[in-house]
Amino acid sequence: MSSSDTTTKPADLTPLKQDPTYGPMANALRALAMDAVEAAKSGHPGMPMGMADVATALFAEHLKFDPTDPHWPDRDRFVLSAGHGSMLLYGLLHLTGYPGVTLDEIKHFRQLGHMTAGHPEYGHVVGAEVTTGPLGQGITNAVGMAFAERLLNARFGDDLVDHHTYVIAGDGCLMEGISHEALSIAGHYKLGKLIVLWDDNSISIDGSTELAVSDDQEMRFRAHGWHVQKVDGHDPHAVSKAIAAAKAVTDKPSMIACKTTIGLGAPSKAGTAAVHGAALGAKEIEGARIKLNWSYDPFEVPDDIRASWKAIAAKGAAPHAAWKKRHAAAKPDVRERFDRQIAGELTPGWQQAIVEIVAKFAAEKPKIATRQASQLVLDALAPVLPELLGGSADLTGSNLTKAKSQVPVTPKDFSASYVHWGVREHGMAAAMNGIAVHGGLVPYGGTFLVFADYNRPSIRLAALMGIRVIHVLTHDSIGLGEDGPTHQPVETLASLRAIPNLLVFRPADPIETAECWALALQHKTRPSAIALSRQGIPTLRASGAENSSSRGAYILAPASGPRQATILSTGTEVALAIAAREKLEAEGIATAVVSMPSWELFAEQTHAYRTEVLGESDNRVAVEAAVGFGWERWIGTKGRFVGMSSFGASGPAEKLYQHFGITVEAVVAAVKEGL
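Only a predicted model underlies this, so the values are computations on that prediction, with no experimental measurement involved.

Undergrad: Which residues make up the overall build of the protein chain, and what values do they have?
TA: Scanning the protein chain for helices and strands turns up 26 helices and 18 strands. Relative to its length of 675 residues, the protein chain is compact, with a C-alpha radius of gyration of 28 Å against a globular reference of 26 Å. Dimensions of the protein chain, computed from C-alpha atoms along their principal axes, come out at roughly 90 × 55 × 45 Å. Burial analysis of the protein chain (675 residues in total) assigns 62% to the buried set. Of the contacts made within the protein chain by residues no fewer than 6 positions apart, 78% connect residues no fewer than 24 positions apart. Entry remark: accessible area of the protein chain is about 24,500 Å², with carbon and sulfur atoms responsible for 53%. Mean positive and mean negative side-chain charge positions of the protein chain (62 and 72 charges, respectively) differ by 3 Å.

Undergrad: Any chance you could break down the sheet that holds strand β11 (residues 470–474) for me, citing the residues and the numbers?
TA: Two modes of strand pairing occur in sheets, parallel and antiparallel, and in both the strands are linked by backbone hydrogen bonds. Strands sit in the order β9-β8-β10-β11-β13-β12 across an open sheet of six strands; the sheet is parallel. In the strand order of this sheet, the two ends are held by β9 (418–420) and β12 (503–505), each with one partner. In this sheet, adjacent strand axes meet at a mean angle of 20° when their direction is disregarded. The sheet contacts of helix α17 (residues 425–438) involve β8 (388–392), β10 (442–448) and β11, and relative to β10 the element is tilted by about 165°.

Undergrad: Residue-level account of the pairing of β11, with values.
TA: Of all five residues making up β11, five are buried, and the element is well covered by its neighbours. Covered by surrounding structure in β11 are Ile470, Val472 and Thr474 together with His471 and Leu473, the residues of both alternating faces. Pairing geometry for β10 and β11, over five bridges, is parallel. Its bridge partner lying in β11, Gly445 is registered against His471. Note that the unit made of β10, helix α18 (residues 452–465) and β11 has a crossover that is right-handed. Sheet topology places β11 next to strand β13 (residues 528–531); four bridges connect them, and they run parallel. Each bridged residue has a counterpart across the sheet, and for Ile470 the counterpart in β13 is Ser528.

Undergrad: Residue-level account of the nonpolar core, with values.
TA: Of all hydrophobic cores here, the largest spans 70 residues; its most connected members are Phe78, Leu88, Ile256 and Trp309. Per-element tally for this core: the top contributor is helix α1 (residues 22–40), with twelve residues. Those residues in contact with Phe78 that sit more than four places away from it in its chain are Leu58, Phe59, Leu63, Leu89, Leu92, Glu129, Tyr166 and Ile168. Judged by nonpolar contacts, the second largest core, of 55 residues, contains Trp198, Ala416, Trp421 and Met465.

Undergrad: A description of the sheet that holds strand β1 (residues 77–80) should follow, citing residues and the corresponding values.
TA: Across the sheet, which stays open at both edges, the five strands sit in the order β1-β2-β3-β7-β6 with parallel pairing between neighbours. Each edge of the sheet is formed by a strand with only one pairing partner; in this case those strands are β1 and β6 (227–232). Across the sheet, the axes of successive neighbouring strands diverge by a mean angle of 20°, strand direction being ignored. Here four bridges tie β1 to strand β2 (residues 165–170), and the two strands are oriented parallel to one another. Bridge pairing links Val79 to Val167 in β2.

Undergrad: So, helix α12 (residues 317–329): which residues are in play, and what are the values?
TA: For α12, built from 13 residues, the straight-helix expectation of 18 Å at 1.5 Å per residue is met to within 8% by its first-to-last C-alpha distance of 18 Å. Lining the buried residues of α12 we find α13 (332–343).

Undergrad: Could you give an account of the packing of helix α5 (residues 137–156) against α13, naming the residues involved and the relevant values?
TA: At a closest axis distance of 11 Å, the pairing of α5 and α13 adopts a crossing angle of 160°. If you check the angle between α5 and α13, you find them roughly antiparallel. The hand of the α5/α13 crossing is right-handed. Note on element contacts: α13 touches α5 through Val334, Arg337, Phe338, Gln341 and Ile342, opposite Leu152, Arg155 and Phe156. Of the residues in the contact of α5 with α13, the class split is five nonpolar, one polar and two charged.

Undergrad: So, the environment of Phe660: which residues are in play, and what are the values?
TA: Tracing the backbone shows Phe660 in the loop between α25 (653–659) and α26 (664–673). Separated by 389 residues in sequence, Phe660 and Gly271 place their C-alpha atoms 59 Å apart. Excluding residues within four positions of it along the chain, Phe660 makes contact with Ile478, Gly643, Met644, Ser646, Phe647, Gly648 and Ala649.

Undergrad: Describe the pairing of β2, with residues and values.
TA: The buried count for β2 comes to six of six residues, which makes it a mostly enclosed element. Covered by surrounding structure in β2 are Thr165, Val167 and Ala169 together with Tyr166, Ile168 and Gly170, the residues of both alternating faces. Bridge count between β2 and strand β3 (residues 194–200): six bridges; the pairing is parallel. Its bridge partner lying in β3, Tyr166 is registered against Ile195.

Undergrad: For the packing of helix α15 (residues 370–381) against helix α20 (residues 510–522), give the residues involved together with the corresponding values.
TA: Orientation of α15 relative to α20, taken along the N-to-C sense of each, is 55°, at an axis distance of 9 Å. In terms of axis orientation, α15 runs oblique to α20. The two elements α15 and α20 cross, and the hand of that crossing is right-handed. Residues Thr370, Ala373, Ser374, Val377, Leu378 and Leu381 of α15 lie in contact with α20, whose contacting residues are Pro510, Thr513, Ala514, Trp517 and Leu521. Here the contact of α15 with α20 is built from residues that sort into eight nonpolar, three polar and no charged.

Undergrad: I'd like a rundown of the environment of Ala436, residues and numbers included.
TA: Along the chain, Ala436 turns up in helix α17. Relative accessible area serves as the criterion here: at 17%, Ala436 is assigned to the buried category. Between the C-alpha atoms of Ala436 and Val130, which are 306 residues apart in sequence, the distance is 9.9 Å. If we ignore the near neighbours within four places in the chain, the residues touching Ala436 are Pro443, Ile467, Arg468 and Val469.

Undergrad: So what's going on with the confidence of the model for the protein chain? Which residues, and what values?
TA: For the protein chain, the average pLDDT comes to 97, and 99% of its residues sit at 70 or higher. For the stretch residues 1–5, pLDDT sits under 50, and the model shows 15 contacts to residues farther than four places along the chain or on other chains.

Undergrad: Please provide a residue-by-residue account of the packing of aromatic side chains, values included.
TA: Considering all chains together, one arrives at 18 aromatic pairs under this definition. On the numbers, 5.4 Å between centres and 50° between planes, the contact of Phe147 with Trp421 is tilted. Taken as a pair, Phe147 in helix α5 and Trp421 in the loop between β9 and α17 lie far apart in primary sequence, 274 residues in all. Classification of Phe147 by relative accessible area gives buried; the value is 0%. Residue classification places Trp421 among the buried positions, given a relative accessible area of 1%. Put simply, the rings of Trp599, Phe602, Tyr609, Trp631 and Trp634 touch in pairs and so form one group of aromatic residues.

Undergrad: Let's hear about unusual backbone geometry: which residues, and what values?
TA: In most cases, non-glycine residues show a negative phi, while peptide bonds are predominantly trans. In this model, Ser202 sits at a positive phi of 60°, which is unusual for a non-glycine residue. Along the polypeptide, Ser202 turns up in the loop between β3 and β4 (203–204). Located in the positive-phi region is His475, a residue other than glycine, with phi close to 60°. You can see His475 is positioned in the loop between β11 and α19 (492–497).

Rules of the game
- Note on numbering: residues in each chain are counted from 1, in written sequence order.
- Residue-level local features of this predicted model are given only where pLDDT is at least 70; pairs of side-chain atoms are given and counted only at 80 or more, and the full residue set underlies all totals for whole chains, interfaces and linings.
- Excluded from the side-chain calculations are hydrogens and water; all other atoms, namely the structure's heavy atoms, are used.
- Think of it this way: any DSSP run of H or I at least four residues long counts as a helix, any run of E at least two long counts as a strand, and we number them from the N terminus.
- The size measure is the radius of gyration over C-alpha atoms, and the globule rule it meets is 2.2 Å times the number of residues to the 0.38 power.
- Burial classes: relative accessible area under 20% of the type maximum marks a residue as buried, over 50% as exposed, and values in between as partly exposed (1.4 Å probe, protein chains only).
- Note on contacts: a residue pair is in contact if any heavy atoms of the two residues lie within 4.5 Å.
- Where accessible areas are quoted, they stem from the Shrake-Rupley method and a 1.4 Å probe; at the residue level, only the protein chains shown are allowed to cover.
- When charges are counted, neither His nor the chain ends are considered; positive counts come from Lys and Arg and negative counts from Asp and Glu.
- Throughout, a charge is located at the NZ atom of Lys, the CZ atom of Arg, the CG atom of Asp or the CD atom of Glu.
- Following DSSP output, two strands are said to pair if at least two bridges run between them.
- Orientation is described by axes fitted as lines to C-alpha atoms, over the contacting stretch for helices, and by angles from 0 to 180 degrees between their N-to-C directions.
- Whether a crossover is right-handed comes down to one check: with the strands pointing away from the viewer, does the path from the first strand over the helix to the second run clockwise; if it does, it is right-handed.
- Here the nonpolar core consists of buried residues drawn from Ala, Val, Leu, Ile, Met, Phe, Trp, Tyr and Cys, with membership extended through side-chain atoms lying within 4.5 Å.
- Every helix has an expected span of 1.5 Å times one less than the residues it contains.
- Working rule for angles: under 35 degrees goes down as roughly parallel, over 145 as roughly antiparallel, 65 to 115 as roughly perpendicular, anything else as oblique.
- Working rule for handedness: look at the near helix, and if it is turned counterclockwise from the far one by less than a right angle, call the crossing left-handed; if clockwise, right-handed.
- The residue classification treats Ala, Val, Leu, Ile, Met, Phe, Trp, Tyr, Cys and Pro as nonpolar and Asp, Glu, Lys and Arg as charged. All others, Gly included, are polar.
- pLDDT: the predictor's confidence for each residue, scored from 0 to 100.
- Whether two aromatic rings pair depends on their centres lying within 6.5 Å, for rings of Phe, Tyr and Trp, where Trp uses its six-membered ring; planes under 30 degrees apart make the pair stacked, over 60 edge-to-face, and the rest tilted.

The structure is reproduced here in structure tokens:
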């Protein structure tokens, strides 16, 4: 076809030759998609119309699901990585009877206040296993889901955990860089329960995919260690046969290239970019009804076709009942542990490990990097939290994310609890999202703070979904030293703090580090980013009887009299603030130091508490080895900031602090300026 995204063809109203059973069922999906997009005057009808036959074959003959219990733990997972084609998912959920996905919801596609959003949203519509839309995320989330299935299978056995993860992915998903990381991870770990159905329609928004890509996708998947097949995506029996063959391969993930026509049934727009992302229009829909032999009104699905879909949904009752029987027969302690982990409840008693490590820090007052303190916390937590799944993007020895008791996962051993993700930060982050939404495990993964930029799309989606994923981000400032400005994250904290629902922690000492870990674990509906230092810092707290970090900020060192100044700080610079306070107090300037490990939690406190901590005086100074963006919220328009205003430099950490003016003397001067 032409490279133009508006190219259409002469209308062809010849009725399609389709399977007598599955054809009408697939056409119901096509009709709902084109009608809903037309009503919204917005959306993507092409992919749902093109992949309807594939989806019908999958749901009719392979997918293990039960709409009466959408969260059944051993259901197969279905991920629509090509999330722009959301009407395919909504049509499937509606026709199979998922709770709440009514015809009225279909009629209000993409409308405010309705669950049928433009892209599927986890927690917003029952049946959306994960939020998709940014291309490449879904396929990588699915890698995480398949990973979780194998990990939990190794812990609980086939009787409780034995299911597949299916993905519909498009050309765009496979163009995105994250897909390379996903395919590599899945191939390396031999995730044989993962099956990708590639919508091979050769069309992108701009036109033919030949405009931008000429990859041999089948060869690419094979190079990553996948089992690969190719089928006619409009022959549901061929698709079903290929899925069966893929399920028989247990030592490799599978990809089935489904050759399809985008917008199949549209008389002049099928097979063109014109059908990708816009309503078809009344005339085109009228012709599509003729071509699809669909003589029904908009949004009408005849009773016999509805009955066929409901019959498919009913097939899930038997395997579900069999699973319930096996679940009931499991040993009580195994069943209790399985149910607790699936529910996301942490193993009882883990808080005592935090209490004990905090007491140890308070007694010994070590001068260590917060990344080292974090490792000691993990050493305490890992033995008592079997649901904890650690990992790092090839920086284990730097992030210090591996606890002594943890053993690395291998393709032959999924009973372990530490994942070597390789140099694949984005893939790690997206896979952790998939592990979290699957249920049963609490994932955390490490990299340098500056490389949070590689993780960011997945961190954002974790925050949007409201899931517990923990990012351990070390080497958090110019304090990392000689690696220089490429690795010194001066702007990264501010950018992470801008993400709604993300908890950003920057602990000041070992005790705060333990407290921040406890908070990250406690928050089931929020992801966390824990920023940790490379350089050593003293233990500042005398005790940890209560989790002071839980309120986001607190007075670490009070003023000796009526407060004349307040120094606010995070992380490694809190020790510097304490030293500045000592000088100021010696000169008779009553100064308080506030440690602020979490801006987000502090912002959620009462106005009275925030006022108590910040003080009545507007003589406030913030100290952080990062850019000052955002600090004005806490120090006000009259406050001063001691920190970075540029990128860093390569050199020893202590010399960098002097060079950039982040010193005790600078803080003292800033306080005096405000007197």
